[in-house]
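Architecture at a glance
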Amino acid sequence: MADLHPPAELPQGEQTSCVPPENSPELQETDQGVQPAQEQSPDPGLGSQGGPGREEEEEQEEGADRTSIKPRPPQIHLHRDATGRGHRRIGGQNLRAISHMTSPAALSPMAGTSVSGKRTVLLSNEARTEIAKQVRALKEERRATLDARHKYLISRLADAVALGELELEDVLISDDKFSLIQDFFAANGSKKLIFFSQNVKQNLSSSVNSSFVDSVSSAVTQRKLFLTTGSSEPLLGKCLFFLRTTDKAITSANIQQEVNFGMLDCSEDNIISSLETLLNHIMLPALRSQQTWGSVQDGASCPHVQSFLSSLDQFVSNLSSVKVNLERRFQLQQVELPDTIGQLSSPADYTAAANNSELVECLEGVVCVWTNQIKQVLTESEQMRKEADDVGPSAELEHWKRRMVTFNSLMEEVKHPQVKRTLGVLQVAKSRTLRTWRELDGDITVVANEAKDNVKYLYTLDKFFGLLGKSSPTSMLEHIPSLMTNIRMIHTVSQYYNTSERMTSLLLKVTNQMIAACRSYLSQGVTRIWDHSRPVLLQRISECCNLNVEYQRSFQSVRDKLRQNPGNRQFDFSENYIFGKFDAFCRRLEKVADMASTLESLATLQNMKVEGVEKIFARYQTIVSMTKSKTYDILDHRKLEFDSDYADFRLQVQGLFQSLQSLLDFWFHQSLSVSSGQSDLKTAVILPMCVQPRPTATPPSEPLFVFQTERMLELLAVFELGPTARLDLKQYYMMLLQRYSRELELLRKTYQKQRDRPPIGRNLPPVAGRVLWCRQLFRKIEAPMLTLKKKLDILKGPDMTKVIRSYNKIAVVLLQYEVLHLQGWIQAAESAPHCLKTSLLVRHHNSKEVFVNLDHVVLEVLQEVRWMTKLGVTVPKLVLKMVSREAQLKALNIRLLDVLQDYGSVVGRIPPLLFPLMQPFISRVDAALCPGLTTLSWTSLNTDGFIDGVYLALKELDHVVKVASDLLDCRIGRLLRSMSSCCLLVLPEDSPVSPSDLVQQTESCVQAAAVTLNW
């Protein structure tokens, strides 16, 4: 069912215009024509203020000569019954309206005198015909407006009442509150649309003749279906209602989704039963299924929503209780009494009746029947009640309420006039049966007073009964002291309920209610308690057990306070009887908590990275699945199956821990045997484990005896993170302690051998390398000790004392070694900044070659500082200041190296022939380098200008060298090569040549050479 909203109420005085239907008595069409219709007051207040017939009386007083009146259109009516409440005829005959106005039997247009002496006003045939036309026109107009929305309403109504859809359609359009339907469909309209289907009393008149009639009214009951606002008519039958869940306009598309239909059957005085059925089977399930609650942010989980649902549930329970109590009202057996009893009024009548022996004998028999009936009720009330073992305190209140209703109704029956007259006659006759009656009357009074008194006091606990049912164990704690105080008050003040048996029974029922609340709390939100996460389950179990402790503590506190005043009534109740169930329930919870905690600890097997643990974890999963597969309610402490299952669970867990112990023993001894194979090492090389970033070179492998010890400790740590409750780890730690003692001695020897020349990692500065080596040694002895010192409770003894003493000695030596080297380095590093005061360049004495004058100590200190910072060593401020210029110093060093390299490269390219020629230019470069050799230092600020000047002179030298070299190679060298290959004289080889020819040949050769060499 969709979300239901309370319907909006229409103003009580609001009325809508409507014409009576054609088949109503006002306009009843027959074969003879249209029957008379009464003129009705246009003022809706007239019917309620003046009563029926006011208009007719006024017209009769004005004059009896009027035989007809001018027809007027039908008006709105609000008829009142005898109690002044409004009642309308909708969709059927308006019989009550006939009694208001005139008798429909007067068919003549003339005015006649009725049997009551009043003149009746009749309409002419023409007026009645006109009104009938108007009614038919209005009905057709409304019928034309019907659509799928109205058809939906009609179909729902047809399912609930014994009428066809055509009849319901006629009822709908004939109703004088037809406009309520349009208001229901409109946007932001009424939230409700109500129909009543019930019997309505109407007045009918029988016709005597066709001209003048005397109207004789008679009451007729007829079942009608009509629209109503719900506030003007009493509900005596069925209430058919439509509720809308939105403020949007109701259309044919959304009417099935946004409109809900319901029915409340109140016929035969069963309104309580009908209301209880509607709330319990429709409203409550619909509300519980709601996920959104309007502006409530948390929705269904909001405490206010839960409180509302709980209050509604309690209201439904109260309705059920009231229904049961009403059904159990006591009634004396119906006995037919002589008519004489009903006529008794005076003492003489009673005396005359008492003298009638037959009458007295008859009345004594009646009283005997009543006496036996009352005795049976009293006997049943005194019998021991049969109640369930887990019944709560609310049942105690309900019992006494039912008993109070029973005996109060019995007292009302005894006070009935017929019973009083019967007893009066027997009293005058001095019948012996009255003695038993008087005794029973006294017993009834006592029992009724007892029930009333007990209900009064138990009602003071009713608010606690509700809290016990819907509160969590934690929130219940704050109410326990007040509950015990009220119980103490009842025990002290109550006149009837202060017996030990009843108080013990009440406290036992309170215990049952707490157990039920705990069971509900443990199962809240899940199907089975194992569906909870185990930490949540353990927390809830702890809260439930704490509730039992606080409950008994509060009881004992009240008991001890009462014992301080012996004059008061004491709490001498059996605590074992009261709290025995709760203690048994808590013992069951403790077993469940033990199972949950064991499974939770074993769940860490999944995270254990040990080979072979997979099989053990598979066994654990089997145990979990078997535990969750139990179908019985493990929270029921009366279920003995749990005890045998719990014993099996303990055996399975014990076997699992034994397997885990075997696995640990296997791996531990395997690691021990591997390390024992390496224990005969005479020497060991221990290299430092450099801090991040690690050096590029990988140090040699660490000694196996240290690695295996740490591995064994890691193995034990893995098992400690698992289920260690039943694992014996002491023997393993004792074995590790002995091995650690041997390793300390071996490490001491290693230190003595390597301290002068410790192995240092690649690319490490010397001092930082020594510190790292020293710290690596310390780490090797510290890592096992950090673990072992946490186990002093199991390792305490002479062996542990010896190991601690040896560890302290080695730690002190290593610490001193580190401190000495750090102090020496700090002193040396403080002198490094003075090295920056030297010149940038230096010239070799022999070769006169220029070099960069940066002391290697500066670069080493810079490298040491970088590692010392990573090691956490405090560096002097002067050194830090130098380090802050590390980038500048290194950049200047690189630039100077580049300058000198470029200078050497340019000089190297000068040909030897041109070297003397280039000497002036070389001197210029030397002059530019001169400030770096003399005045400029590494702390100077104008080094950039110096380097730029050197590059400028070097650029000029490079240009001159390049031009001169090109000239030498391309011009001079080429010409000389050409000259060397030119032939000036050709000597004859085969035959002699005359001098003239020789001279001529020589001249031609010279001229050709001249041409060739002429560029």
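Reference entry: report on the structure contained in this document. (Residues numbered from 1 in each chain as written. Predicted model: local features only at pLDDT ≥ 70, side-chain atom pairs only at ≥ 80, totals over all residues. Heavy atoms only, no water.)

Thoughts on helix H15 (residues 417-428)
- Taking 1.5 Å as the rise per residue, H15 with 12 residues should run 16 Å; its terminal C-alpha atoms sit 16 Å apart, in good agreement.
- Those residues of H15 lying buried are Val-419, Thr-422, Leu-423, Gly-424, Val-425 and Leu-426.
- Just beyond H15, the residue with positive phi is Lys-430, at close to 55°. (Helix = DSSP H or I, 4+ residues; strand = E, 2+ residues; numbered from the N terminus. Expected span 1.5 Å × (residues − 1). Buried < 20%, exposed > 50% of the residue type's maximum accessible area, 1.4 Å probe, protein only.)

Some words on the packing of helix H21 (residues 534-563) against helix H22 (residues 575-602)
- Running from amino to carboxyl end, H21 crosses H22 at an angle of 155°, the nearest separation of the two axes being 9 Å. By the angle class used here, H21 and H22 are roughly antiparallel. Along this stretch, H21 crosses H22, giving a crossing that reads as left-handed.
- Here the contact of H21 with H22 is composed, by residue class, of 18 nonpolar, 4 polar and 5 charged. (Axes fitted to C-alpha atoms, helices over the stretch in contact; angles between N-to-C directions. Parallel < 35°, antiparallel > 145°, perpendicular 65-115°, else oblique. Left-handed = near helix turned anticlockwise from the far one by under 90°. Nonpolar A, V, L, I, M, F, W, Y, C, P; charged D, E, K, R; others polar.)

Here we look at the nonpolar core
- Met-514, Tyr-551 and Leu-605 are the most contacted members of the largest nonpolar core, which has 102 residues in total.
- Looking at which element gives the most residues to this core, the answer is H22, with 12 residues. (Core = buried A, V, L, I, M, F, W, Y, C linked by side-chain atoms within 4.5 Å.)

Quick look at helix H23 (residues 613-628)
- The end-to-end C-alpha separation of H23 is 23 Å, in line with the 22 Å expected for 16 residues at 1.5 Å each.
- Residues Val-613, Ile-616, Phe-617, Tyr-620, Ile-623, Val-624 and Thr-627 constitute the buried set of H23. For H23, the angular spread of the buried residues around the axis is 110°, confining them to a single face. When the buried face of H23 is taken as reference, the exposed residues oriented beyond 90 degrees from it are Glu-614 and Lys-615. (Arc of directions from axis to C-beta.)

Remarks on unusual backbone geometry
- Non-glycine residue Asn-188 carries a positive phi angle of around 60°.
- Along the chain, Asn-188 falls in the loop between helix H7 (179-185) and strand E7 (192-205).
- Under the relative-accessibility criterion, Asn-188 is labelled exposed at 62%.
- At Asn-763, a residue that is not glycine, the phi angle is positive and equals roughly 65°.

Brief notes about a nonpolar patch on the surface
- On the surface, Leu-967, Ile-972, Leu-976 and Met-979 cluster together to form a nonpolar patch covering roughly 380 Å² of accessible area.
- Residue placement: Leu-976 occurs in helix H34 (residues 943-981). (Patch = residues over 30% accessible without salt bridge, like charges linked within 9 Å, V, L, I, M, F, W, Y side chains within 5 Å. Areas by Shrake-Rupley, 256 points an atom, 1.4 Å probe, with all protein chains shown as cover. Salt bridge = Lys/Arg side-chain N within 4 Å of Asp/Glu carboxyl O.)

Some details on the pattern of salt bridges
- Evaluated as defined, the whole model comprises 31 salt bridges.
- Across the pair Asp-531 and Arg-528 runs a salt bridge whose closest N-O atoms are separated by 3.9 Å.
- Residue class for Asp-531 comes out partly exposed when judged on its relative accessible area of 39%.
- Among the ionic pairs, Arg-775 bridges to Glu-818, the shortest N-O distance being 2.7 Å. Note that Arg-775 is positioned in helix H27 (residues 766-788) and Glu-818 in helix H29 (residues 798-830), a separation of 43 residues in sequence.
- Judged by its relative accessible area of 28%, Arg-775 falls in the partly exposed class.
- Members of the salt-bridge network, linked through shared partners, are Lys-139, Glu-140, Arg-143, Lys-151, Glu-169 and Asp-170.

Some remarks on the side chain of Thr-406
- Counting through the fold element by element, Thr-406 comes out in helix H14 (residues 393-414).
- A residue is classified by how much of its surface remains accessible, and Thr-406, at 17% relative accessible area, is buried.
- Every residue in contact with Thr-406, bar those within four places of it in the chain, is listed here: Arg-328, Phe-330 and Val-377. (Contact = heavy atoms within 4.5 Å.)

Quick look at a negative patch on the surface
- A contiguous patch of negative charge on the surface is contributed by Glu-382, Glu-439, Asp-441 and Asp-443.
- Ranked by residue count, the leading element in the negative patch is helix H16 (residues 433-458), at 3 residues.
- Owing to a relative accessible area of 34%, Asp-441 belongs among the partly exposed residues under this scheme. (Lys, Arg positive; Asp, Glu negative; His and termini not counted. Charge placed at Lys NZ, Arg CZ, Asp CG, Glu CD.)

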